[in-house]
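The primary structure of each chain is shown beneath.
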Amino acid sequence: MKYFDPHIHLTSRTTDDLEAMAAAGIRAVIEPAFWIGQPRTRIGSYIDYFSSLIGWERFRASQFGIAHYCTIGLNSKEANNEALAEEVLNLVPRFALKEGVVAIGEIGFDEITAAEEHAYRVQLEFAVQNDMLVMVHSPHRDKKRGIQLSIEIAREMGLGMEKLIIDHNNEETVDDTLRSGAWAAFTIYPHTKMDSARMVEVVKKYGPERIIVDSSADWGISNPLSVPETAALMESSGVDAETIRRVTWQNALDAYAQSGQIDVAALEAEAQIDQTRTFLDNSVLRGQQPERSVKS
Amino acid sequence: MSNPQELLDWIDGELGCHLDEAGDDWIRKARAEVAGGVDDGRFAQLLALASRQARRRAADISSEGRSRAAELLAGWDPVAWSVLDLLRVSLVLSRDDLAEESGPRAILEAFRFGDVGELCALARALQFLPQPEAYLWQARECCRSNMNEVFEAMACDNAFPAKHFDEVAWRALVVKAVFISAPLDRVLGLDNRLSEDLARMALDLADERRSAGREVQPLLWMCLGRHGGQRALDSLEREVAGDSVAGRRAAALALSRAGEGQRLAALAAGESDPQAAAALLAAQDEAPTQAAFRAVLDCPLP
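Because the structure is predicted, anything quoted here is derived from the model rather than measured.

Let's talk about the overall build of chain B
Turning to step 1, where the next piece is worked out: The helix and strand inventory of chain B stands at 17 helices and 0 strands.
Turning to step 2, where the next piece is worked out: Its C-alpha atoms give chain B a radius of gyration of 21 Å, near enough to 19 Å, the size a compact globule of 302 residues would have.
Turning to step 3, where the next piece is worked out: With the principal axes as the frame, chain B shows a C-alpha extent of 65 × 35 × 30 Å.
Turning to step 4, where the next piece is worked out: Residues counted as buried form 45% of the 302 residues belonging to chain B.
Turning to step 5, where the next piece is worked out: Considering only residue pairs separated by 6 or more positions, chain B has 71% of its internal contacts joining residues 24 or more positions apart.

A short note on the overall build of chain A
Turning to step 1, where the next piece is worked out: Of the regular secondary structure elements, chain A holds 11 helices and 8 strands.
Turning to step 2, where the next piece is worked out: The C-alpha radius of gyration of chain A comes to 18 Å, within 12% of the 19 Å expected for a compact globule of 296 residues.
Turning to step 3, where the next piece is worked out: Within chain A, the proportion of its 296 residues that are buried is 47%.
Turning to step 4, where the next piece is worked out: Of the contacts formed within chain A by residues at least 6 apart in sequence, a portion of 72% connects residues at least 24 apart.

Considering helix α8 (residues 196-206) of chain A
Residue and element names in this part refer to chain A.
Turning to step 1, where the next piece is worked out: Taken residue by residue, α8 has S196, M199, V200 and V203 as its buried positions. Along the long axis of α8, the arc covered by the buried residues comes to 105°, so they all point the same way. Exposed positions of α8 whose direction lies more than 90 degrees from the buried face are A197, E201 and K205.
Turning to step 2, where the next piece is worked out: Looking at the buried residues of α8, the elements they touch are β7 (183-187), β8 (211-214), α9 (226-236) and α10 (241-257).
Turning to step 3, where the next piece is worked out: Within two residues after α8, G207 carries a phi angle of roughly 75°, on the positive side.

Thoughts on the domain arrangement of chain B
Put simply, an interface is often sized by how much accessible area is lost when its parts join up.
Turning to step 1, where the next piece is worked out: According to the domain assignment, chain B consists of domain 1 (4-131) and domain 2 (191-298).
Turning to step 2, where the next piece is worked out: The C-alpha-based centres of domain 1 of chain B and domain 2 of chain B are spaced at 38 Å.

Side note on the interface of chain B and chain A
Turning to step 1, where the next piece is worked out: Contacts between the two partners involve 16 residues from chain B, matched on the other side by 17 residues from chain A.
Turning to step 2, where the next piece is worked out: Counting residues per element, the ones that place at least two in the side of chain B that touches chain A are α8 (136-144), α11 (167-179) and α12 (196-211) of chain B.
Turning to step 3, where the next piece is worked out: Here the side of chain B that touches chain A takes 6 residues from α12 of chain B, the largest share from any one element.
Turning to step 4, where the next piece is worked out: Residues of the side of chain B that touches chain A, tallied by class, amount to 7 nonpolar, 2 polar and 7 charged.

Section: the packing of helix α14 (residues 245-257) of chain B against helix α17 (residues 290-298) of chain B
All names here are of chain B.
Turning to step 1, where the next piece is worked out: Contact geometry for α14 and α17: axes closest at 9 Å, N-to-C directions at 150°. Comparing their axes, α17 and α14 come out roughly antiparallel. For α14 against α17, the interelement crossing comes out right-handed. On the side of α14, the interface is formed by A246, R249, A250 and L253, while α17 contributes A292, F293, V296 and L297.
Turning to step 2, where the next piece is worked out: A breakdown of the residues in the contact of α14 with α17 according to their chemical character gives 7 nonpolar, no polar and 1 charged.

Brief notes about the nonpolar core
Turning to step 1, where the next piece is worked out: Counting 99 residues, the largest nonpolar core has V174, V178, A202 and A254 of chain B as its most contacted members.
Turning to step 2, where the next piece is worked out: Here this core gathers at least three residues from each of two domains, domain 1 (4-131) and domain 2 (191-298) of chain B.
Turning to step 3, where the next piece is worked out: Sequence-distant contacts of A202 of chain B, that is, excluding residues within four places in its chain, are made with V175, V178, L220, C223 and L224 of chain B.
Turning to step 4, where the next piece is worked out: Grouped together as the second largest cluster of nonpolar side chains are 78 residues, I8, L124, A154 and M194 of chain A included.

Regarding the environment of R28 of chain B
Turning to step 1, where the next piece is worked out: Here R28 of chain B shows up in helix α2 (residues 21-35).
Turning to step 2, where the next piece is worked out: When the C-alpha atoms of R28 of chain B and R193 of chain B are compared, they prove to be 40 Å apart, with 165 residues separating the residues in sequence.

Remarks on the packing of helix α5 (residues 83-93) of chain B against helix α7 (residues 116-125) of chain B
Residues and elements named next belong to chain B.
Turning to step 1, where the next piece is worked out: In contact at an axis separation of 9 Å, α5 and α7 are set at 55° when each is read in the N-to-C sense. By the angle between their directions, the pair α5 and α7 is classed as oblique. Between α5 and α7 lies a crossing whose hand is right-handed. Across the interface between the two elements, L84, D85, R88, V89 and V92 of α5 pack against G117, E118, C120, A121, R124 and A125 of α7.

Regarding the sheet that holds β8 of chain A
All names here are of chain A.
Turning to step 1, where the next piece is worked out: Taken together, 8 strands build an open sheet; the order of strands is β1-β2-β3-β4-β5-β6-β7-β8 and the sheet is parallel. The outermost strands of the open sheet, each flanked by one partner alone, are β1 (3-5) and β8. Averaged over all adjacent pairs, the angle separating strand axes in this sheet is 25°, with direction ignored.
Turning to step 2, where the next piece is worked out: In this structure, strand β2 (residues 26-32) lies alongside strand β3 (residues 67-72), joined through 5 bridges in parallel fashion. Looking at β3, one finds that E31 is bridged to C70.
Turning to step 3, where the next piece is worked out: Packed on one face of the sheet, α9 meets β1, β2 and β8 and runs near 130° to β1.

Digging into the environment of C223 of chain B
Residues and elements named next belong to chain B.
Turning to step 1, where the next piece is worked out: Following the sequence through the fold, C223 ends up in the loop between α12 and α13 (229-240).
Turning to step 2, where the next piece is worked out: In sequence terms C223 and D191 are 32 residues apart; their C-alpha atoms lie 8.3 Å from each other.
Turning to step 3, where the next piece is worked out: With residues near it in sequence (within four places) discarded, C223 still touches V174, V178, L194, L198, A199 and A202.

Details of the confidence of the model for chain B
Low pLDDT marks regions whose predicted coordinates should not be analysed in detail.
Turning to step 1, where the next piece is worked out: Looking at chain B, the pLDDT average stands at 92 and 99% of residues meet or exceed 70.
Turning to step 2, where the next piece is worked out: This complex was scored by the predictor with a pTM of 0.86 and an ipTM of 0.78.

Looking at unusual backbone geometry
Turning to step 1, where the next piece is worked out: The amide bond that connects G105 of chain A to the next residue, E106 of chain A, takes the cis arrangement and shows omega of -15°.
Turning to step 2, where the next piece is worked out: With respect to the element layout, E106 of chain A can be found in strand β4 (residues 101-108).
Turning to step 3, where the next piece is worked out: Here R210 of chain A, not a glycine, exhibits a phi torsion of approximately 60°, which is positive.
Turning to step 4, where the next piece is worked out: In this structure, R210 of chain A sits in the loop between α8 and β8.
Turning to step 5, where the next piece is worked out: Within the chain, Q131 of chain B stands out as a residue other than glycine whose phi angle is a positive 55°.
Turning to step 6, where the next piece is worked out: Its location among the elements puts Q131 of chain B in the loop between α7 and α8.
Turning to step 7, where the next piece is worked out: The class of Q131 of chain B is partly exposed, set by 15 C-beta atoms lying within 10 Å.

Focus: α2 of chain B
All names here are of chain B.
Turning to step 1, where the next piece is worked out: Along its 15 residues, α2 runs 21 Å from first to last C-alpha, staying within 8% of the 21 Å computed at 1.5 Å per residue.
Turning to step 2, where the next piece is worked out: When α2 is considered as a whole, its buried residues turn out to be I27, A30, R31 and V34. Projected down its long axis, α2 shows its buried positions confined to an angular sector of 100°, all on one face. Across α2 from its buried face, at more than 90 degrees, point the exposed residues E21, A22, D25, R28, K29 and A32.

About the thresholds
Residues numbered from 1 in each chain as written. Chains lettered and ligands numbered in written order. Predicted model: local features only at pLDDT ≥ 70, side-chain atom pairs only at ≥ 80, totals over all residues. Helix = DSSP H or I, 4+ residues; strand = E, 2+ residues; numbered from the N terminus. Rg over C-alpha atoms; globule rule 2.2 N^0.38 Å. Buried ≥ 20, exposed ≤ 12 C-beta atoms within 10 Å, placed from the backbone. Contact = placed C-beta atoms within 7 Å. Arc of directions from axis to C-beta. Domains from an automatic or database assignment. Nonpolar A, V, L, I, M, F, W, Y, C, P; charged D, E, K, R; others polar. Axes fitted to C-alpha atoms, helices over the stretch in contact; angles between N-to-C directions. Parallel < 35°, antiparallel > 145°, perpendicular 65-115°, else oblique. Left-handed = near helix turned anticlockwise from the far one by under 90°. Core = buried A, V, L, I, M, F, W, Y, C linked by C-beta atoms within 7 Å. Pairing = 2+ DSSP bridges. pLDDT = per-residue confidence, 0-100. Expected span 1.5 Å × (residues − 1).

Following this line, the structure appears as C-alpha cells:
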C-alpha cells in the first residue's frame, strides 16, 4: 500500500521518522509553511525557513525515497505582527512559484482578527492571479465560524472551490466544507484534532469524495505515521480498499496535481533512493553505507 | 497607573525572606542603576542577571500580602508570582521614564529577547504601567504563546486584559483558556465581559468536544452567564444529565447564572458530596461568581 501525507512539518521531525514513514509506505508528502512554535521577529528568519522547505528538507526526504512538495505562505498567527507580516507578504511571491510548490498555504484564520483577514486576502489574490491552489489552516478555536469565513472570502476573491483545501476539519465542520465544493482534509492527532477511530466514522458516513487524511505531524505530540495507521484501522473496520486508497492517496494526489508540480507517473513508480548524493556537500548519512536503488 | 513606590514597598516586604545578603545587595544596586538611567541592553541584561540571584520558585505570598496587593490594584492577585517575578517587576518599576517614550521602548525590547521567566515577569508588570496602549500588541502576543506559563502570566490574576483588550482579543483569550484548561476562574473581570459572541464560541466548542466523544471542560460553562438563549439551556441540561461530576457541578452553577436558579435544589438533592451540594444550594438565590466555580470544582470528586 502506498500513502500520500499531504500535511506534515518535516522540519520538526527526525530521520528516524523519515525511515519509519518510508517503511510504512509513505511515498509523498507536502510540507506546508507554518508557525514554528514561537514567533519569528525578523524577515530573515522567513527567508531561511522558506529556503529550507524548497532545499534541504526536500533533499532530506528524497534520501528516504519520499517525494517532498511544499506550500509557501504567511501563517495566520504571525499575520498579527503587522509590520513584519507586510514584509513576509512581499516575500511570498519570491518563493511561491518555485518548482515543487503546490499551493499557497497554510493560510487562513487563528483568532479571526482584521490583520489575519488582510493577510489571507492578499495571499488569495496572489493565488488567483497565478492559478494556484490554496491550503487553509482552520483555527483551533471558533473553528466552525473560521471555516465558514475562509470559504466565503475565498469564493468572493474568485478562487475556484476545486482549488481550495480546508484542513483540520472535524465532525462539526465537514458539512460546511464539503457543501462548498472544497476538499476536506482531516488531521489525525493522537489527543486533539481528530483521532483514527473518529476518522473511520467520518469516512463511513461521508464516503471518500473529496476527503483527505493527513498527519500534520510537527513539533508537538503528533504521529508521522497517522496516515498509514488510520488506513489500517479503516481496513480492520471494514472500509473497502478503494475508499481507503482514495482518502489516503488518490484524493490528495488529484487535489494537488492540479498545481502541475507533481510528476504523477514518477510517484506511481517505485521510489528511487540515492544516498550517495549530497546537498551543498551535506549528507544525511553519518558514516553509514549509502543506500542506492537508482537504475543507471 | 499604580503608585510605583507603594508597589516597590510591597515587593520589598515580600522579598525579605527569599534573598540572602548578597542578593539583597544586588537588587538594591540594580534598582539604583535602573533608576539612574540605563541603556536598553543593560536593562535587559539586569532582568536576565536576576536569575543569578534567585530561582524561579513560588514566592508564597502571605494572605496579608495578597490582601495588600488587592488594595494596591483592584483584583490583582500575586498568588502565582515567583521570587524572580518580584525581582524583575521591581526592576521595571524602578525606571523613572515609564511615562515617557523611552520606557515602553526598553520594555518591549526586553520582551523581544525575553526567556520564559522574563516573559512571565514582564507580562505581570504590564498591569501597573502607564501608557497601556504601548503594550497592547505585546500583551496579545503573550496570549498567543504556546508556552502555557506565558499565557497564564498574561491571562490569569492580571488586570491588564479585561481593561484593555478589544472584543476579539478578549474572546480569544477566554476561549483559549478553556481550550488549554488554564484556570478560567482566575481570569480577572470575566464576569463583567461576558457576551453573546463569547457564549456562542463556548457552545460551539462544547459541541465539538461532544462530537469528538470527549468531555466538555467544566470551566467552559463559566462563559455563558445570561447569554446563549435556549441553545445554552439545552447544552447545560445535557451536561447536568451527563457522566462528568465536575461537569455536572459547573453546569448547575451556570444554570443559576442563566436565571434557572430553581433547578439547583433538585440538582443539589442528587449530589452525593455534602460540600458540593451545599455550594449548589447557596447558588440558588444569588448568581454564583467566578470564585464559586473553583469552590465547587475543588470539592472532592466521588
